[in-house]
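What the coordinates show
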Amino acid sequence: MTPSTVARLLKQTTFQEVEIKGWVRTFRANRFIALNDGSTINNIQCVVDFENTDEAVLKRITTGAAVHITGNLVESQGKGQRVEIEVNTIEILGDSDPETYPIQPKKHTFEFLRENAHLRTRTNTFSAVMRLRSSLSFAVHKYFNENGFYYMHTPIITGSDAEGAGEMFRVSTLDQKNPPLTESGDIDHTQNFFGKDTNLTVSGQLEAETYAMSLGKVYTFGPTFRAENSNTSRHLSEFWMIEPEVAFMDLAGNMDLAEDFMKSVINHVLENNREDLEFLDKRQADEDKTKSQAERNELSLIEKLKFVTENNFKRVSYTEAIDILRNSKPNKKKKFKYRIDEWGADLQSEHERFLVEKHFKCPVILFDYPANIKAFYMRLNEDGKTVRAMDILFPGIGEIVGGSQREERLEVLKEKMAALNIPEEELWWYLDLRKYGTAVHSGFGLGFERLVMFMTGMSNIRDVIPYPRTPQNAEF
Ligand code: 4AD
Ligand code: MG
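To start, this report covers the structure provided alongside it.

Considerations on the packing of aromatic side chains
Summed over the entire model, instances satisfying the criterion amount to 20 aromatic pairs. Taken together, a centroid distance of 4.3 Å and an interplanar angle of 25° make the contact between phenylalanine 144 and tyrosine 219 stacked. Highlighted residues: phenylalanine 144 in helix α4 (residues 124-146) and tyrosine 219 in strand β10 (residues 217-225), separated in sequence by 75 residues. The exposure classification of phenylalanine 144 matches that of tyrosine 219, with both residues buried.

Shown next as structure tokens:
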């Protein structure tokens, strides 16, 4: 007999001898083990015949212990479960000390569980979140595979700053105390490992563009790094980004792709991860009960996900959005931390959330932003002051996608780079794309953790990635 899984046993209809390995969640009345093995949010009840079990073994059945059980799968006598296992043999594979085991069978705060991130997936909430995360990343690959995209692995170590925001982690093997210096006293990076200054990538976009301009439709899905000092519930220093890039596609096509893609991956999870979603739906409802009326979610988690997949995203130009914000109540009553006075202002997350949550009450795609608040590579519009950028804003999250049509005209791109002091020598290969067979092309970046937050209803980004990296924190 090969060990089964809890997920399979809970659905099994043939009552027979079974074998299972897992961890004890609780052990009640010296008789009932709630056993979990990670295959489902649900536990299987294993009933121990304590009169015929060694006292020493009974003592070792504690919360957190790993056990190996054989027994008979039977219809449950008690309420709360359809089936249970009548234990024949139980072997303790690994003891757990009930005095010191951090994951007690009670409610823990998320802060406490973050400090015990190596064990937090032994709780219902975190196991559900991480199973959904896994399912969602599968859905990402499935979508692109079914739609003719090639998966491209863009480099992690690069010499360029795609976003031009200067928020990079340096990669260096130079002696930190005594680095080699040039005659002018700067660090001599010709002696560094790669013979130049390098950093961890902030985006795979520039390299993805090179492949889109030969393979047509590509995407990357990998880790990206940002050394921005934002300690918010939506920023990580290391996060995963999904970046499709498509030749001959304009901004409207880019919006269509992003919307179709997001609806498709959300639907995949709605169809395939019902039990975990239902658990998280209930968790959110319970949490809402402790909040004031104003802070409560208007829709349940599952209702919110369905709402997004069943309704069109609202497409609004930056200029229209500024008008709405300027005339909005919180702006007039000075409720925004950053007042919106003029066209050209960068939108803060308070403004994005106002548009999505209060004004439109649905996902919003903002497009045609002022050129000077966006990255160098975006296609300049005919008005000479806006670029073909788009950001997708989601309720409860704010910006979840950032993308654009790319500047395909060599001279315009060169002028832009010169204005921003980006040396042509650094991006000669990027400019080559505009010299040889240039064409309209577009793409976007979706912050994977922000999508997982949206799917799970978790409100802190640190709780949707196994081991969050944030300023002053790289434990585990
Ligand atoms: O808007 P961003 O900076 O766009 C780019 O990097 C483009 N090169 C993407 C492209 O066009 N291929 O980042 C894209 C998304 C954001 O909308 C957000 O969801 C997420 O990445 N993101 C972060 N997620 C977590 N922590 C951070 N510090 C993030 N910074 C960006
Ligand atoms: Mg952005």
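Quick notes on a negative patch on the surface
On the surface, a cluster of negative charge is made up of Glu411, Glu415, Glu424, Glu425 and Glu426. Within the secondary structure, glutamate 411 sits in helix α12 (residues 410-419). With relative accessibility at 48%, the residue glutamate 411 sits in the partly exposed group.

Considering the site of ligand 1
Close to ligand 1 lie 24 residues; Glu163, Gln205, Glu243, Glu399 and Ile400 are nearest. Within the backbone of isoleucine 400, one N or O atom sits 2.8 Å away from an oxygen atom of ligand 1. Between ligand 1 and the protein, one listed contact pairs an oxygen atom with a side-chain N or O atom of arginine 406 at 2.9 Å. Out of a free accessible area of 640 Å², ligand 1 has 93% covered by protein chains. Elements with a contribution of two residues or more to the shell around ligand 1: β11 (238-247), β15 (398-405) and β16 (441-447). Looking at the shell around ligand 1 element by element, the count peaks at 5 residues for β15. In terms of residue class, the shell around ligand 1 is made up of 8 nonpolar, 8 polar and 8 charged.

Regarding the environment of alanine 371
Checked against the element boundaries, alanine 371 lands in the loop between β13 (364-370) and β14 (386-394). Taking relative accessible area as the criterion, alanine 371 reaches 12% and is therefore assigned buried. It is 68 Å that separates the C-alpha atoms of alanine 371 and lysine 59, two residues lying 312 residues apart in sequence. Apart from the residues within four sequence positions on either side, alanine 371 is in contact with Leu380, Lys385, Thr386, Val387 and Lys416.

Points about the packing of helix α9 (residues 318-326) against helix α11 (residues 349-360)
Axes are the key here: two packed helices are described by the angle between their axes and the distance separating the axes. Interhelical geometry of α9 versus α11 gives an angle of 80° and a closest axis separation of 11 Å. On the basis of the axis angle, α9 is roughly perpendicular to α11. Taken together, the residues of α11 that come into contact with α9 (itself represented by Ala321, Ile324 and Leu325) are His351, Phe354, Leu355, His359 and Phe360. Here the contact of α9 with α11 is composed, by residue class, of 6 nonpolar, 2 polar and no charged.

Things to note about the sheet that holds strand β7 (residues 157-158)
A sheet is described by the order of its strands in space; here 3 strands give the open sequence β7-β9-β8, paired in antiparallel fashion. For this open sheet the edge positions go to β7 and β8 (170-171), each flanked by a neighbour on one side alone. Judged from the 2 bridges that link them, β8 and strand β9 (residues 198-200) form a sheet pairing that is antiparallel. Its bridge partner being in β9, arginine 170 is matched across the sheet by asparagine 199.

Topic: helix α14 (residues 448-456)
The periodicity of an α-helix, 3.6 residues per turn, causes residues three or four places apart in sequence to face the same way. Of all 9 residues in α14, 9 are buried, a share of seventy percent or more. If you check which residues of α14 are buried, you get Phe448, Glu449, Arg450, Leu451, Val452, Met453, Phe454, Met455 and Thr456. Glycine 457, located one to two residues past α14, shows a positive phi value of around 75°.

As for unusual backbone geometry
With a phi angle near 55°, alanine 29 is a residue other than glycine that sits in the positive phi range. Along the polypeptide, alanine 29 turns up in the loop between β1 (17-28) and β2 (32-36). Taking the relative accessible area as the measure of exposure, alanine 29 reaches 58% and is therefore exposed. In the Ramachandran plot, asparagine 421 falls in the positive-phi region, its phi being about 55° despite a non-glycine side chain. Relative to the helices and strands, asparagine 421 is located in the loop between α12 and α13 (428-435).

Comments concerning the nonpolar core
Counting 61 residues, the largest nonpolar core has Phe261, Met262 and Phe394 as its most contacted members. Apart from residues lying up to four places away in sequence, phenylalanine 394 is in contact with Met262, Ile266, Val308, Phe313, Val356, Glu357, Pro363, Ile400 and Phe454.

What about the sheet that holds β11?
With mixed pairing, the 8 strands of this open sheet are ordered in space as β6-β10-β11-β16-β15-β14-β13-β12. Edge positions in the sheet fall to β6 (150-151) and β12 (314-317), since each has one partner strand and no second. Two elements, β14 and β15, share 6 bridges in a ladder whose sense is antiparallel. Residue pairing for β15: alanine 389 is matched across the bridge by serine 404. Its contacts with the sheet place helix α6 (residues 251-272) against β11, β12, β13, β14, β15 and β16, and it is angled at close to 15° to β14.

Conventions we followed
Residues numbered from 1 in each chain as written. Chains lettered and ligands numbered in written order. Predicted model: local features only at pLDDT ≥ 70, side-chain atom pairs only at ≥ 80, totals over all residues. Heavy atoms only, no water. Phe/Tyr/Trp six-rings, centres within 6.5 Å; stacked < 30°, edge-to-face > 60°. Helix = DSSP H or I, 4+ residues; strand = E, 2+ residues; numbered from the N terminus. Buried < 20%, exposed > 50% of the residue type's maximum accessible area, 1.4 Å probe, protein only. Patch = residues over 30% accessible without salt bridge, like charges linked within 9 Å, V, L, I, M, F, W, Y side chains within 5 Å. Areas by Shrake-Rupley, 256 points an atom, 1.4 Å probe, with all protein chains shown as cover. Salt bridge = Lys/Arg side-chain N within 4 Å of Asp/Glu carboxyl O. Lys, Arg positive; Asp, Glu negative; His and termini not counted. Charge placed at Lys NZ, Arg CZ, Asp CG, Glu CD. Near = heavy atom within 4 Å. Polar contact = N/O pair within 3.5 Å; in protein donor to acceptor, adjacent residues only side chain to side chain. Nonpolar A, V, L, I, M, F, W, Y, C, P; charged D, E, K, R; others polar. Contact = heavy atoms within 4.5 Å. Axes fitted to C-alpha atoms, helices over the stretch in contact; angles between N-to-C directions. Parallel < 35°, antiparallel > 145°, perpendicular 65-115°, else oblique. Pairing = 2+ DSSP bridges. Core = buried A, V, L, I, M, F, W, Y, C linked by side-chain atoms within 4.5 Å.

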